[in-house]
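Residues per chain are reported as follows:
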Amino acid sequence: MEGLVSFQAVSSVSRIPKFSFLTSLDLRRGGSSLSFASSSLPSLSSSSSSSFSIRAQQMESKDGSATVAAVSESETEPSDLKIKEWEVGMFHNEIAASQGIRIRRRPPTGPPLHYVGPFEFRLQNEGNTPRNILEEIIWNKDVEVSQLKERKPLGALKKALENAPPARDFVGALKAAYLRTGLPGLIAEVKKASPSRGVIRENFDPVEIARAYEKGGAACLSVLADEKYFQGSFENIEAIRNAGVKCPLLCKEFIIDAWQIYYARTKGADAILLIAAVLPDLDIKYMAKICKLLGLAALVEVHDEREMDRVLEIEGIELIGINNRNLETFEVDTSNTKRLLEGKRGELIRERGITVVGESGLFTPDDIAYVQEAGVKAVLVGESIVKQEDPGKGIAQLFGKDICL
């Protein structure tokens with residue numbers, strides 16, 4: 001496949017990666033044979049999220065055919081573990097695709113293996129270029145989490161849980177707010193920026209915003225943890241919890257690994273977001289069980305009918321978020337909430353007592369009334385209130401009345 005090509009002069013030694021790629025695998029399909037070098041993914045720099053560079057050397061085999069193998073300065077031994085990681089990642093993509101998930105966990109073709117003299121040769125194609133912003137975020141998150149896990153192993157996180165503050169009842173807080181006000185319980189979002197809007201609030205103090213939300217009647221808070229695309233952090237969750245804010249906290253992060261759940265818990269989170277557009281069914285089941293084990297609520301987010309049907313097949317789900325924003329295109333349609341709660345799906349949700357959260361595109365009292373009539377008992381709102389000079393007053397404007405009584 002033809003793609004975009006770019007060249008960059010590099011040092012013949014300093015740009016060689018400090019890892020080794022590995023061995024040749026032999027794939028046979030339809031009687032043909034393809035030999036290539038298998039590898040794990042190198043770390044992504046902040047300036048280049050979708051292109052990778054590795055040093056490759058071409059070797060002549062006995063039969064005269066050429067194979068490509070990547071090498072480091074000092075390592076040439078194969079690493080079965082790295083090969084297995086790559087294979088598992090590809091298998092994950094296949095499982096996800098079978099369930100209608102279009103977001104790939106990592107580039108299916110791996111890094112482009114080209115080096116021309118002193119020049120780095122990058123080949124961008126469908127295989128190693130993200131197809132949309134969500135996929136780009138997930139590819140970056142995959143590398144980011146791998147690096148964090150090396151610095152903070154799961155064993156250390158489990159030990160840190162001994163000193164973590166107790167988890168609070170996130171779902172219970174939403175239900176209590178609904179009974180108290182007759183309006184959807186509010187999950188107010190502590191959010192500085194987003195890929196679609198850029199910086200939403202320049203004067204951003206997460207603790208002060210959280211306090212204003214609590215004073216304004218929010219039942220719970222959502223705190224962005226992604227740094228690269230939303231300018232959030234796990235430290236913001238920790239700071240808000242340590243400041244004595246009583247509202248239960250949702251860790252708003254792109255969860256792809258159970259390690260992130262443990263890490264969020266050590267920072268004081270009371271709930272976790274799981275996105276059905278990213279996670280296959282088994283991942284959702286497994287992560288929901290981890291949440292239950294740790295005393296956390298799991299907010300499982302869906303956008304379309306297929307995702308809703310998948311989640312309703314999973315036992316024990318208490319909280320479903322309907323995102324009116326398509327995370328692949330970032331387009332918003334509030335009628336999405338009504339559409340997903342019509343008919344048998346809505347009946348099943350009511351029978352099971354599942355709390356539904358309306359998300360995205362909610363700016364006015366009419367918007368709140370619309371999704372409440374559709375069947376939601378909670379809403380997650382960020383932009384329309386965080387951009388107000390006084391976020392607490394922004395809540396009153398959103399609902400058309402003071403809900404802090």
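Now for a description of the structure that goes with this document. Just so it is clear, the model here is predicted, and its values are computed rather than measured.

### Observations concerning the overall build of the chain
Now for step 1: Scanning the chain for helices and strands turns up 14 helices and 17 strands.
Now for step 2: Considering the chain as a whole, with its 405 residues, one finds that 53% of them fall into the buried category.
Now for step 3: For the chain, the proportion of contacts with a sequence separation of at least 24, taken over those separated by at least 6, is 69%.
Now for step 4: Element-wise, carbon and sulfur atoms account for 50% of the exposed surface of the chain, whose accessible area totals about 19500 Å².

### Points about the packing of aromatic side chains
Now for step 1: By the definition in use, this model includes 3 aromatic pairs.
Now for step 2: For the ring pair W259 and Y263, a centre distance of 5.0 Å and an interplane angle of 20° mean the geometry is stacked. Linking W259 with Y263, this pair stays in helix α7 (residues 258–266), spanning 4 residues, or about one helical turn. The two residues W259 and Y263 agree in class, both being buried.
Now for step 3: Three or more aromatic residues link up through ring pairs in this structure, and these residues are F234, W259 and Y263.
Now for step 4: In this structure, K228 is placed above the aromatic ring of Y229, and the distance from its NZ or CZ to the ring centre is 5.6 Å.

### Quick notes on the nonpolar core
Now for step 1: Core analysis: the biggest nonpolar cluster contains 102 residues, and L186, Y213 and L221 have the highest contact counts within it.
Now for step 2: Ranked by residue count, the leading element in this core is α7, at 6 residues.
Now for step 3: Aside from chain neighbours lying at most four places away, what touches Y213 is A188, E189, V190, A218, L221, G382, I385, V386, P391 and I395.

### A short note on empty space enclosed by the protein
Now for step 1: In the structure shown here, the tally under the stated rule is 2 cavities of 30 Å³ or more.
Now for step 2: Estimated volume of the largest cavity: approximately 400 Å³.
Now for step 3: Considering the residues around the largest cavity, the lining is formed by 27 residues, among which E189, K191, K252, R325 and S360 are closest to the centre.
Now for step 4: Class assignment for the residues of the lining of the largest cavity results in 11 nonpolar, 7 polar and 9 charged.
Now for step 5: There is about 40 Å³ of room inside the second largest cavity.
Now for step 6: Sorting the residues of the lining of the second largest cavity by element identifies α4 (170–181) and β8 (185–190) as the ones contributing at least two each.
Now for step 7: For the lining of the second largest cavity, the leading source of residues is α4, giving 3 residues.
Now for step 8: For the lining of the second largest cavity, a count of residues per class yields 6 nonpolar, 3 polar and 1 charged.

### Brief notes about the packing of helix α9 (residues 305–312) against helix α11 (residues 343–352)
Now for step 1: For the pair α9 and α11, the least separation of the axes is 11 Å and the interaxial angle reads 30°. In terms of their interaxial angle, α9 and α11 are classed as roughly parallel. Considering only the axes of α9 and α11, their crossing is left-handed. Here α9 contributes E305, M308, D309 and L312 to the contact with α11, which in turn contributes R345, L348, I349 and R352.
Now for step 2: By residue class, the composition of the contact of α9 with α11 is 4 nonpolar, no polar and 4 charged.

### Re the environment of Y178
Now for step 1: On the secondary structure map, Y178 appears in helix α4.
Now for step 2: In this structure the C-alpha to C-alpha distance between Y178 and A219, which are 41 residues apart in sequence, comes to 9.0 Å.
Now for step 3: If near-sequence neighbours (up to four positions away) are discounted, Y178 is found in contact with L183, P184, Q372 and K377.

### Structural notes on the sheet that holds strand β15 (residues 319–323)
Now for step 1: Strand order in the closed barrel made by the 8 strands is β8-β11-β12-β13-β14-β15-β16-β17, with parallel pairing throughout. Strand after strand, the sheet turns through a mean of 25° between neighbouring axes, direction not considered.
Now for step 2: One ladder, built from 4 bridges, connects strand β11 (residues 220–224) with strand β12 (residues 249–252); its direction is parallel. What sits directly across from V223, in β12, is C251.

Cut-offs and rules
Residues numbered from 1 in each chain as written. Predicted model: local features only at pLDDT ≥ 70, side-chain atom pairs only at ≥ 80, totals over all residues. Heavy atoms only, no water. Helix = DSSP H or I, 4+ residues; strand = E, 2+ residues; numbered from the N terminus. Buried < 20%, exposed > 50% of the residue type's maximum accessible area, 1.4 Å probe, protein only. Contact = heavy atoms within 4.5 Å. Areas by Shrake-Rupley, 256 points an atom, 1.4 Å probe, with all protein chains shown as cover. Phe/Tyr/Trp six-rings, centres within 6.5 Å; stacked < 30°, edge-to-face > 60°. Lys NZ or Arg CZ within 6 Å of the ring centre and 35° of its normal. Core = buried A, V, L, I, M, F, W, Y, C linked by side-chain atoms within 4.5 Å. 1 Å grid on protein atoms, 1.4 Å probe; cavity = no way out; pocket = protein on both sides within 12 Å on 5 of 7 lines; lining within 4 Å. Points joined across faces, edges and corners; volume = space filled by probe spheres on them. Nonpolar A, V, L, I, M, F, W, Y, C, P; charged D, E, K, R; others polar. Axes fitted to C-alpha atoms, helices over the stretch in contact; angles between N-to-C directions. Parallel < 35°, antiparallel > 145°, perpendicular 65-115°, else oblique. Left-handed = near helix turned anticlockwise from the far one by under 90°. Pairing = 2+ DSSP bridges.

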